[in-house]
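# Notes for the structure review
These are the residues of each chain, in order.
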Amino acid sequence: MERLSGLLSWTLSRVLWLSGPSEQGAARQPQIMEEKALEVYDLIRTIRDPEKPNTLEELEVVTESCVEVQEMHDEDYLVIIKFTPTVPHCSLATLIGLCLRVKLQRCLPFKHKLEIYISEGTHSTEEDINKQINDKERVAAAMENPNLREIVEQCVLEPD
């Protein structure tokens, strides 16, 4: 009986010791996601509005709270952006979404899947725009248009 008790005690201590680092990793997980979200925000905040001389951050189209990062698999992340157009009938909301997508596809240093949405209830045609900016074929077709591509390039150009 004493031998069984000793074996159980040893097994329990090994299990607790081995589970320690993973618990620390799980506790660190929200911090890692928060750091990744800030990294994403730092990239998109400097995008320029297509018709105003301001950045999306200055116009509060994007804020830190509009970025969410979730781990999908090991070192593979889901990045969700929910931006808010300046007015509910903003005619350039699709273009802003395209600029967000292009900038992040070019600049994010980690493997990711990207979902971009207009914040719920902030635009009169948000469902249609959400479909457009998350459709790879539509995005590719839009970027083939030289005039549109030039506008996007001007918006995503890093400030000096």
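Residues numbered from 1 in each chain as written. Predicted model: local features only at pLDDT ≥ 70, side-chain atom pairs only at ≥ 80, totals over all residues. Heavy atoms only, no water.

## Details of helix α3 (residues 126-133)
All of the buried residues along α3 are Glu-126, Ile-129, Asn-130 and Ile-133. The buried side chains of α3 occupy one side of the element, clustering within an arc of 105 degrees when seen end-on. Turned more than 90 degrees away from the buried face of α3, the exposed residues are Glu-127 and Lys-131. Buried-residue contacts for α3 involve β2 (76-83), α2 (93-107), β3 (111-118) and α4 (136-144). (Buried < 20%, exposed > 50% of the residue type's maximum accessible area, 1.4 Å probe, protein only. Helix = DSSP H or I, 4+ residues; strand = E, 2+ residues; numbered from the N terminus. Arc of directions from axis to C-beta. Contact = heavy atoms within 4.5 Å.)

## Digging into the nonpolar core
The biggest cluster of nonpolar side chains holds 39 residues, and the ones touching the most others in it are Val-40, Ile-44, Val-62, Val-67, Ile-81, Phe-83 and Leu-100. For this core, the secondary structure elements donating two or more residues are α1 (2-44), β1 (67-73), β2, α2, β3, α3, α4 and α5 (146-156). The element best represented in this core is α2, accounting for 8 residues. The residues contacting Ile-81, other than those within four sequence positions of it, are Val-40, Ile-44, Cys-66, Val-67, Leu-100, Leu-104, Leu-114, Glu-115, Ile-116 and Tyr-117. (Core = buried A, V, L, I, M, F, W, Y, C linked by side-chain atoms within 4.5 Å.)

## Some thoughts on the packing of aromatic side chains
Remark: the centre distance and the inter-plane angle together describe each pair of aromatic rings, the angle taken between the planes. Scanning the model with the defined rule gives 1 aromatic pair in all. Ring centres of Tyr-77 and Phe-110 lie 5.3 Å apart, and the angle between their planes is 75 degrees; this geometry places the pair in the edge-to-face category. Taken together, the positions of Tyr-77 in strand β2 and Phe-110 in the loop between α2 and β3 put the pair 33 residues apart, joining distant regions of the chain. Taking relative accessible area as the criterion, Phe-110 reaches 10% and is therefore assigned buried. (Phe/Tyr/Trp six-rings, centres within 6.5 Å; stacked < 30°, edge-to-face > 60°.)

## Some details on the pattern of salt bridges
Taken as a whole and assessed by the stated rule, the structure comprises 6 salt bridges. Here Arg-106 and Glu-153 are joined by a salt bridge, their closest N and O atoms 2.4 Å apart. Taken together, the residues span a long stretch of sequence, with Arg-106 in helix α2 and Glu-153 in helix α5 at a distance of 47 residues. For Glu-153, a relative accessible area of 28% puts it in the partly exposed group. (Salt bridge = Lys/Arg side-chain N within 4 Å of Asp/Glu carboxyl O.)

## As for the packing of α2 against α5
Where α2 meets α5, the axes come as close as 9 Å, and the angle between the chain directions of the two elements is 65 degrees. One way to sum up the angle between α2 and α5 is to call them roughly perpendicular. α2 and α5 meet at a crossing whose hand is right-handed. Along the contact surface, α2 presents Leu-95, Leu-98, Cys-99, Val-102, Lys-103 and Arg-106, while α5 presents Leu-148, Ile-151, Val-152, Glu-153, Cys-155 and Val-156. Each residue belonging to the contact of α2 with α5 can be placed in one class, and the counts come to 9 nonpolar, no polar and 3 charged. (Axes fitted to C-alpha atoms, helices over the stretch in contact; angles between N-to-C directions. Parallel < 35°, antiparallel > 145°, perpendicular 65-115°, else oblique. Left-handed = near helix turned anticlockwise from the far one by under 90°. Nonpolar A, V, L, I, M, F, W, Y, C, P; charged D, E, K, R; others polar.)

## Re the sheet that holds β3
Spatially, β1-β2-β3 is the arrangement adopted by the 3 strands of the open sheet, whose pairing is mixed. The open sheet has two free edges, formed respectively by β1 and β3, since each of these has just one partner strand. Neighbouring strand axes in the sheet, compared pairwise and without regard to direction, differ in orientation by 20 degrees on average. Of the strand pairs in this sheet, β1 and β2 are connected by 6 bridges, and their pairing is antiparallel. Among the inter-strand pairings, Glu-71 is bridged to a residue of β2, identified as Tyr-77. Seen against the sheet, α2 touches β2 and β3 and runs at an angle of roughly 170 degrees to β3. Taken strand by strand, α3 contacts β2 and β3, and its axis lies near 160 degrees from that of β3. (Pairing = 2+ DSSP bridges.)

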